[in-house]
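# Structure at a glance
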Amino acid sequence: HLLPATHMLSKASLRFAFKTRQRALATKGRLFNPVIQNAISRGLSSGFQGFEDGVERDSVTVAVPATSANMGPGFDTIGMALNVWNTMTVERSEKLQIYVKGEGSGKVPIDDSNLVVFGVKTAFEQAGLEMPKLRFKCHNRIPFARGLGSSSAGIVAGLLAGLALSGTRVPVWGHETFLQLACGIEGHPDNVAPAIYGGIQLGMHTGDRWLSSRVTTPHGLQAIVFIPESIGETKVARAVLPETLTYEEAVFNISRASFLVNALNTGNLADLKYATQDALHQPQRSVQFPHMKPVIEAAMDAGAHCAYLSGAGPSILALTSSAAGDVFTQRAEERNEQAVADAMAKAAEAVGAPGRIFITEPTQRGAHVVSAIPSFSDKGRIHLFREGGEV
């Protein structure tokens, strides 16, 4: 079952890419758009190569970060990885089994419609192999259906685990094969790109393939996230968006998105107040999420640089930049994330939107293998260490 290093995507692989996108959209309850299908197929047919390292594994544990998409004006384009992680262990078994604890337990499917299973199956089919019977053990810390990339985390976790289990490695430079596969399922790069690579990522489709680029993350950023008790469905949030835009709206968002990237790259965080404003999706979604405007205003009044609707909502994310070292060792008066968090929670309660607060930070690390059996280390000579230990 090994593929030669020069194996290129065949017509069969492209047909599989079509089916992958169709099945994923059906799973997530979205309408299928033939124009998007054609764009994705072109991205998957751009000539990237896959090869196998020859080691099929019995078990693998992976970790994938939460992500916050759009960041205001960057609709379907800009996203940031957050230091909140889902971990998943996948091991060979006699039958399909899925165990979920933590966020989404009792709500996410525990059959082959689960996106982690779909991701693993996609990776095995990309390698030219049939997915074996597997046992999935998911520990979810990313809130489910709250605009923090839980679906993308499932897709990326499944793909990464499937590649590791099947012994398949794929090229990055000039191809970004992993990104092509993930976007082929998700349909846009703003969550999957930071989930894969970490940091703040820009994403676009060139007409031939998906492309990502890293934006500088200023030192000391803190992310304060208000997470309502109510869930938000992406298909519902997208349904309220208009079919057409005016030139005025387009120019508004182009200018803000440009300032956003420049503010992050230069560290001029005072510009974030304006750079995260939006005309394409947040005003339209404010009807669906009546807590959005009051919580954003409360965060800004309490000293946040900016605040915006995270992804398709309903979570609201605010950014501060007072962190300098461990939270337990820096003087409290030098930091303002607690004041911002309290203000956001009170504003939400005042409009009847109870929820909780996560205080976290951007992470430069994306999805990665935590451990594997057999391991990736050559115990006799080379020992491969990552954060948390040897892999």
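Conventions we followed
Residues numbered from 1 in each chain as written. Predicted model: local features only at pLDDT ≥ 70, side-chain atom pairs only at ≥ 80, totals over all residues. Heavy atoms only, no water. Helix = DSSP H or I, 4+ residues; strand = E, 2+ residues; numbered from the N terminus. Contact = heavy atoms within 4.5 Å. Areas by Shrake-Rupley, 256 points an atom, 1.4 Å probe, with all protein chains shown as cover. Buried < 20%, exposed > 50% of the residue type's maximum accessible area, 1.4 Å probe, protein only. Pairing = 2+ DSSP bridges. Phe/Tyr/Trp six-rings, centres within 6.5 Å; stacked < 30°, edge-to-face > 60°. Lys NZ or Arg CZ within 6 Å of the ring centre and 35° of its normal. Polar contact = N/O pair within 3.5 Å; in protein donor to acceptor, adjacent residues only side chain to side chain. Axes fitted to C-alpha atoms, helices over the stretch in contact; angles between N-to-C directions.

### Some remarks on the overall build of the protein chain
Of regular secondary structure, the protein chain possesses 12 helices and 15 strands. Within the protein chain, contacts between residues at least 6 apart in sequence are counted, and of these 74% link residues at least 24 apart. Of the accessible surface of the protein chain, which amounts to about 17500 Å², a share of 55% is contributed by carbon and sulfur atoms.

### Considerations on the environment of alanine 193
Along the chain, alanine 193 turns up in helix α6 (residues 189–197). With a relative accessible area of 1%, alanine 193 lands in the buried category. Separated by 114 residues in sequence, alanine 193 and glycine 79 place their C-alpha atoms 7.5 Å apart. Residue contacts for alanine 193: discarding those within four places in its chain leaves Leu179, Gly198, Gln201 and Ser212.

### A short note on the pairing of strand β9 (residues 222–228)
Taking burial as the measure, the 7 residues of β9 include 7 buried ones, the bulk of the element. On β9, burial covers both faces: Gln222, Ile224, Phe226 and Pro228 on one face and Ala223, Val225 and Ile227 on the other are all buried. Where β9 meets strand β11 (residues 316–320), 5 bridges bridge the pair, whose relative direction is antiparallel. Note on β11: the bridge partner recorded for alanine 223 is leucine 319. Two strands pair when backbone bridges link them, and β9 and strand β12 (residues 355–360) are joined in this way by 6 bridges, in the antiparallel orientation. From the neighbouring strand, valine 225 faces β12, where its bridge partner is phenylalanine 358.

### A look at the packing of aromatic side chains
Applying the stated criterion across every chain yields a total of 0 aromatic pairs. Positioned above the aromatic ring of phenylalanine 252 is the side chain of arginine 256, whose terminal nitrogen or guanidinium carbon lies 3.7 Å from the ring centre.

### Examining the side chain of glutamine 284
Secondary-structure assignment places glutamine 284 in helix α10 (residues 282–285). Within the structure, the side chain of glutamine 284 is placed 3.3 Å from the backbone nitrogen of histidine 281, a separation counted as a polar contact.

### Digging into the sheet that holds strand β10 (residues 306–309)
One open sheet holds the 4 strands; their spatial order is β10-β11-β9-β12, and the pairing between them is antiparallel. In this open sheet, the two strands that pair with only one neighbour each are β10 and β12. When strand polarity is set aside, the average angle formed by the axes of neighbouring strands in this sheet is 20°. Across the sheet, helix α12 (residues 337–350) lies against β9, β11 and β12, angled at about 20° from β9, the strand it touches most.

### As for helix α5 (residues 177–186)
The buried count for α5 comes to 10 of 10 residues, which makes it a mostly enclosed element. All buried positions along α5 are accounted for by Thr177, Phe178, Leu179, Gln180, Leu181, Ala182, Cys183, Gly184, Ile185 and Glu186. Positive phi appears at glycine 187, one or two residues downstream of α5, with a value of about 100°.

### Re the environment of glycine 158
Relative to the helices and strands, glycine 158 is located in helix α4 (residues 150–166). Using a relative accessible area of 0% as the deciding quantity, one classes glycine 158 as buried. Sequence separation of glycine 158 and lysine 121 is 37 residues, and the distance between their C-alpha atoms is 7.9 Å. Contacts of glycine 158, omitting those with residues within four sequence positions, involve Met88, Val116, Gly119 and Val120.

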